[in-house]
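# Summary of structural features
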Amino acid sequence: MNFEKPSLIIRCFKDLQDYTDRFEAMKNFTENRDADSSDEIWLLQHHDVLTQGQAGKAEHILTPSHLPIVQTDRGGQVTWHGQGQLVAYFLFDLNRLKWNVRTLVSFAEQAMIDLLKKYGITAYAKADAPGVYVEERKIGSLGFKIRRGRSYHGFALNIDCSLTGFQTINPCGYAGLEMVRLQDLLQDYPSFEQLCKDLVQYLQNTNFFNDLVVKSE
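All values derive from a computational prediction rather than experimental measurement.

To continue, consider the overall build of the chain. A count of helical and extended segments in the chain gives five helices and eleven strands. Here the C-alpha radius of gyration of the chain, 16 Å, is about what a compact globule of 217 residues would show, namely 17 Å. Taken along its principal axes, the extent of the C-alpha atoms in the chain is 50 × 35 × 35 Å. For the chain, the proportion of its 217 residues judged to be buried stands at 53%. In the chain, the proportion of contacts linking residues at least 24 apart, taken out of those at least 6 apart, comes to 71%. By element, 48% of the accessible surface of the chain is carried by carbon and sulfur atoms, the whole surface being about 10200 Å². A distance of 4 Å separates the average location of the 23 positive side-chain charges in the chain from that of its 27 negative side-chain charges.

Burial analysis of strand β10 (residues 150-158) places nine of its nine residues in the buried class, the great majority of the element. Across five bridges, strand β6 (residues 85-91) lies against β10 in antiparallel orientation. Considered in β10, the bridge of Tyr-89 is made with Gly-154. Judged from the eight bridges that link them, strand β9 (residues 137-147) and β10 form a sheet pairing that is antiparallel. In the strand pairing of β10, Ser-141 is matched with Ala-156. Where β9 hands over to β10, the hairpin turn is made up of two residues, of which Arg-148 adopts a positive phi near 50 degrees.

Time to look at helix α1 (residues 19-32). Over its 14 residues, α1 extends 20 Å from the first C-alpha to the last, a length consistent with the 20 Å expected when each residue adds 1.5 Å. Two or three places before Thr-20, at the opening of α1, Asp-18 has a side-chain oxygen 3.2 Å from that residue's backbone nitrogen.

In total, this model carries 13 salt bridges according to the counting rule given. Residue Glu-40 pairs with Arg-11 through a salt bridge whose shortest N-O separation is 2.7 Å. You can see Glu-40 sitting in strand β2 (residues 39-44) and its partner Arg-11 sitting in strand β1 (residues 8-12), a full 29 residues away along the chain. Measuring nitrogen to oxygen at the nearest pair gives 2.9 Å for the salt bridge that ties Lys-126 to Glu-136. Placement of the pair is Lys-126 in strand β7 (residues 124-126) and Glu-136 in the loop between β8 (129-134) and β9, with a sequence separation of ten residues. The class for Lys-126 is partly exposed, based on a relative accessible area of 24%. One connected set of salt bridges, linked through shared partners, spans Arg-11, Glu-40 and Glu-217.

About the thresholds
- Residues numbered from 1 in each chain as written.
- Predicted model: local features only at pLDDT ≥ 70, side-chain atom pairs only at ≥ 80, totals over all residues.
- Heavy atoms only, no water.
- Helix = DSSP H or I, 4+ residues; strand = E, 2+ residues; numbered from the N terminus.
- Rg over C-alpha atoms; globule rule 2.2 N^0.38 Å.
- Buried < 20%, exposed > 50% of the residue type's maximum accessible area, 1.4 Å probe, protein only.
- Contact = heavy atoms within 4.5 Å.
- Areas by Shrake-Rupley, 256 points an atom, 1.4 Å probe, with all protein chains shown as cover.
- Lys, Arg positive; Asp, Glu negative; His and termini not counted.
- Charge placed at Lys NZ, Arg CZ, Asp CG, Glu CD.
- Pairing = 2+ DSSP bridges.
- Expected span 1.5 Å × (residues − 1).
- Polar contact = N/O pair within 3.5 Å; in protein donor to acceptor, adjacent residues only side chain to side chain.
- Salt bridge = Lys/Arg side-chain N within 4 Å of Asp/Glu carboxyl O.

As structure tokens, then:
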């Protein structure tokens, strides 16, 4: 019944976002939300940065570079974020949705798979290596933190980003893992703005939320 479903706010950030600022904002939102707070998804691009997961190992950073390294509290190892990548942060009350961590991971992976399918790209998830792949190359990464039944962090989908940041690391802790972008797979690929619209439409068609409000930030 509709009244039992949470409402969802989708915030679309036009400008490049500082990773540390968004990280602190996610933690604050999660800490201060209550049982009546709407769930939120934040769609954005970051300034170039390497982020190290909670169990991240320093040896996965192969080459010293100018890139800042931020220690974060999501799962997983080191990854790169920057312009040309769609980042979606999922600020969900999992208890209210009656989801567990696996449900959340599957939801995020399936959202990326379905977005890519719209553009004729066949992508898939792997049980033993979270994320989304096209012909054994990784196009979408993900990692989450769950705190008192509430999630934050999310996924990063490569659109037309530079791959040089990935080349300084073992992406997600996998030596030799090749990354791929929409730009490498399509001549006429969707922009960040178009993919945000696609994801909003996708979320409107899911059956998990009651009302959905989109806000430009």
